[in-house]
Amino acid sequence: MESKVILKAEHITKQFPGVKALSDVSLEVREHEVLALLGENGAGKSTLIKILAGVQPPNSGDIYVDGEKVRFPTPVAAQNAGIAVVYQELANVSELTVAENLFIKGYGQKNHTLNWKQIYAEAEKIVAEVDLKIDVHKQMGLCTVAEKQQIEIARALYENARVLILDEPTSALNDKEIHQLLENIKKLKSRGVGIVLITHKMDEIFAVSDRVTILRDGVSVAQKEIQDITEQELIRLMVGREIKDMYPDKNNHPGEVLLKVNNLHNRHVHDVSFELKKGEILGVYGLMGSGHLELGKTLFGCYPATRGDVVLNGRKVRMSCPKQCLKDGFAFVPSERKAEGLVQIQSIWENIMTAYYENGKNGWLVKRKKESGIVEKWIQSLSVKTPGPYAAAATLSGGNQQKVVLAKWLEISPEIIIMNEPTRGIDVGSKSEIYKLLNELCGQGVSIIMITSEMPELLAMSDHVIVMHEHRVQAAFSKDQLTETNIMTAAIGG
Ligand SMILES: Nc1ncnc2c1ncn2[C@@H]1O[C@H](COP(=O)(O)OP(=O)(O)OP(=O)(O)O)[C@@H](O)[C@H]1O
Ligand SMILES: [Mg+2]
């Protein structure tokens, strides 16, 4: 028996200046169902859900809830109709506590006074619903991405959402956290909630979804039951071509030791040591709070080291600040593209060129013609979907923003690239292009420190791996020891 349709969108069209984000797209969300909404970077997924959530109006098209035509002039109108969204770029109030964020829409304010004891007690019950163990007095800004996401889901539940839309909820989570999230999705589904899941990860699609809707260039190209589609078909529908090999044949020949890190120590990382050869990829893995992402920041001088030393090409380097690290030949792709990676109001052009003059290798005179060539080259080679180089970074889709961050750092031809979650939010087609590019860079002698939560990319791309646990290096593995079991065992402290 087919479940009841809760939410329906018909013939939705949305035009931005220079970009038709959606044309004539329809979609149905049913009770007790997980619908995967899929497509390449820039296909229109986030735009569609923003329309369903009353964040943006469509140019044309209709929305129905329980068969009745509705209009959502504001996000609150959509929330009141039972539609909750956890956005790609999380938006909660960092300065407030977890409990305050949970009740952000208000709390039964009788007599104009708040019973804080009661509020915190209730907040505890709400987070327990999603099996989240957290102190609800904690400031939101101090929570990890995974925690913030669970809190938003808990809030949606508390507000009795009937449709829960998750825009790439797992892109910043590691395997354990993803497992937890998928469990929560199943639980919500069993309660009757209709779930829309946007993700670029194939295994998740097949693990939890019942149906898929695929968008390509703003057009809906397929709607299928999950059992009627294979992974290869899905990829072909999304990117319009076959991808035979996701990962390139690694043909790099690591050279001499380039970087030696000895007992590097600060608040975030404790006595970390490793070696990196010329032209190789060192993979770094860790679970939430292990210090793996902070290691990247420490190596780029964002967090000063209090002890230990770093020797590059036989010469001690100080890593006193990012600017110095840039001069020394390091580049750093941060994990939080919104806060750390891009200047949102600046153009793609300006964003790509920001690091270019900083390391002193490229002179100081701005050469517009040369810049134009550089910017066009990256837009082409990473297939950044945009009307042109002058578009503001803020107008790009999530995955396309990530491509601009990568371009900015790759252009300065660093000796060592430190990458925190390099392919976060990037679609399968572009991912395989990026892996090819990383392989080529290694071939040219560039060394890469790839800090990632994505197990498949860690296993396929790394020449060797260190695993962090409780701020220390728990284990190091050479290429022939790389297995998921070895890595997970070390990551949980074994
Ligand atoms: N506010 C805006 N102004 C101009 N163009 C926009 C705006 N928002 C989105 N776009 C454009 O609309 C298209 C669809 O973007 P959208 O964010 O919906 O993609 P997506 O499918 O979510 O991609 P991703 O997987 O990268 O998140 C893109 O070309 C994007 O640049
Ligand atoms: Mg998106």
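Glancing now at the layout of surface pockets. In this model, the largest pocket occupies a volume close to 1,200 Å³. Together, 46 residues line the largest pocket, and Cys 143, Thr 144, Val 145, Lys 148 and Glu 336 are the ones closest to its centre. Sorting the residues of the lining of the largest pocket by element identifies α5 (145-158), α9 (292-299) and α11 (337-341) as the ones contributing at least two each. Of the residues forming the lining of the largest pocket, the biggest block, five residues, is contributed by α5. Residue classes in the lining of the largest pocket are distributed as 14 nonpolar, 17 polar and 15 charged.

If you walk through the whole model with that rule in mind, you get seven aromatic pairs. When the centroid spacing of 5.6 Å and the interplanar angle of 15° are considered together, the rings of Trp 349 and Tyr 390 count as stacked. Note that Trp 349 is positioned in helix α12 (residues 348-353) and Tyr 390 in the loop between α13 (368-381) and α14 (398-410), a separation of 41 residues in sequence. The class for Tyr 390 is exposed, based on a relative accessible area of 60%. Here a set of aromatic residues connected by ring pairs shows up, and it is made of Phe 300, Phe 332 and Trp 409. The ring centre of Tyr 64 lies 5.4 Å from the NZ or CZ of Lys 8, which sits over that ring.

The local shell around ligand 1 holds 20 residues, among which Gly 42, Lys 45, Thr 47, Ser 397 and Gly 399 are the closest. Backbone polar atom of Gly 44 to an oxygen atom of ligand 1: 2.9 Å apart, as the coordinates give it. Contact between ligand 1 and Ser 46: an oxygen atom at 2.8 Å from a side-chain N or O atom of the residue. Look at ligand 1: alone it shows 640 Å² of surface, and the protein chains cover 89% of it. The cavity where ligand 1 resides is the second largest pocket. When residues of the shell around ligand 1 are traced back to their parent elements, those giving at least two are β2 (19-30), α1 (45-52) and α14. Here the shell around ligand 1 takes three residues from α1, the largest share from any one element. Here the residues of the shell around ligand 1 are counted per class, giving five nonpolar, eleven polar and four charged.

Applying the stated rule across the entire model yields 26 salt bridges. Residue Glu 183 is joined to Lys 186 by a salt bridge in which the shortest nitrogen-to-oxygen separation is 3.5 Å. You can see Glu 183 and its partner Lys 186 sitting in helix α6 (residues 175-190), three residues apart, about one turn around the helix. Assessed through its relative accessible area of 40%, Lys 186 is described here as partly exposed.

Further remarks concern the sheet that holds strand β8 (residues 194-198). Ordered by their spatial adjacency, six strands build an open sheet running β6-β7-β8-β3-β9-β10, and the pairing between neighbours is mixed. In this open sheet, the two strands that pair with only one neighbour each are β6 (83-86) and β10 (219-225). On average, each strand axis in the sheet is inclined to that of its neighbour by 15°, with strand direction left out of account. As defined by bridge partners, strand β3 (residues 33-39) adjoins strand β9 (residues 211-216) across five bridges and the pair is classed as parallel.

A few words now on α9. Where burial is concerned, most of α9 is hidden: six out of the eight residues are buried. Every buried residue of α9 is accounted for by His 292, Leu 295, Gly 296, Lys 297, Thr 298 and Leu 299.

Before going further, it helps to spend a moment on empty space enclosed by the protein. With the rule as written, the count across this model stands at three cavities of 30 Å³ or more. In this structure, the largest cavity is lined by 13 residues; those nearest its centre are Glu 168, Ser 171, His 200, Lys 201 and Gly 425.

Our next topic: the sheet that holds strand β1 (residues 5-16). The four strands lie next to each other as β2-β1-β4-β5, forming an open sheet whose pairing is antiparallel. Edge positions in the sheet fall to β2 and β5 (68-70), since each of these pairs with one other strand and no more. Recorded for the sheet is a direction-independent mean angle of 25° between the axes of neighbouring strands. Looking at chain direction, β1 and β2 are connected through eight bridges and run antiparallel.

Rules used in this analysis
Residues numbered from 1 in each chain as written. Chains lettered and ligands numbered in written order. Predicted model: local features only at pLDDT ≥ 70, side-chain atom pairs only at ≥ 80, totals over all residues. Heavy atoms only, no water. 1 Å grid on protein atoms, 1.4 Å probe; cavity = no way out; pocket = protein on both sides within 12 Å on 5 of 7 lines; lining within 4 Å. Points joined across faces, edges and corners; volume = space filled by probe spheres on them. Helix = DSSP H or I, 4+ residues; strand = E, 2+ residues; numbered from the N terminus. Nonpolar A, V, L, I, M, F, W, Y, C, P; charged D, E, K, R; others polar. Phe/Tyr/Trp six-rings, centres within 6.5 Å; stacked < 30°, edge-to-face > 60°. Buried < 20%, exposed > 50% of the residue type's maximum accessible area, 1.4 Å probe, protein only. Lys NZ or Arg CZ within 6 Å of the ring centre and 35° of its normal. Near = heavy atom within 4 Å. Polar contact = N/O pair within 3.5 Å; in protein donor to acceptor, adjacent residues only side chain to side chain. Areas by Shrake-Rupley, 256 points an atom, 1.4 Å probe, with all protein chains shown as cover. Sits in = over half its atoms within 2 Å of the grid points. Salt bridge = Lys/Arg side-chain N within 4 Å of Asp/Glu carboxyl O. Pairing = 2+ DSSP bridges. Axes fitted to C-alpha atoms, helices over the stretch in contact; angles between N-to-C directions.

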